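Here's the letter readout for the chains.
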Amino acid sequence: MVNIRICPKCKKPTLRTATNVSGGIAPNLYECRDKKCGYIGSFYVEIDSEDYKLDQDENSLE
Ligand SMILES: [Zn+2]
């Protein structure tokens, strides 16, 4: 069982750990890879992956 983090704004599993301006990891900050969303912040929603069926189309956004 794996928990996944989803964006609290667009509800997509596109969150990643943010990097700071010097290229290092900002462990308490997350950003959404969805360019239309643009969320960045310390808050995220964690759900059970079994409750969320990944849509393959969402993985081709990048
Ligand atoms: Zn988002």
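Here's a quick rundown of the structure. (Residues numbered from 1 in each chain as written. Predicted model: local features only at pLDDT ≥ 70, side-chain atom pairs only at ≥ 80, totals over all residues.)

1. A few points about the overall build of the chain
A tally of regular secondary structure across the chain gives zero helices and five strands. Going residue by residue from the N terminus, the α and β elements of the chain occur as β-β-β-β-β. Long-range contacts, defined here as pairs at least 24 residues apart, represent 45% of the contacts in the chain between residues at least 6 apart. (Helix = DSSP H or I, 4+ residues; strand = E, 2+ residues; numbered from the N terminus. Contact = placed C-beta atoms within 7 Å.)

2. Thoughts on the environment of E50
If you trace the backbone, E50 turns up in the segment after β5 (45–48). Separated by 47 residues in the primary sequence, E50 and N3 place their C-alpha atoms 8.5 Å from one another.

3. Remarks on the sheet that holds strand β2 (residues 15–19)
Read across the open sheet, the three strands follow the order β2-β3-β4; overall the sheet is antiparallel. What marks the edges here is a single partner per strand, and that holds for β2 and β4 (40–41). When β2 meets strand β3 (residues 25–32), the two strands line up antiparallel, connected through four bridges. Opposite T19, over in β3, you have I25 as the bridge partner. (Pairing = 2+ DSSP bridges.)

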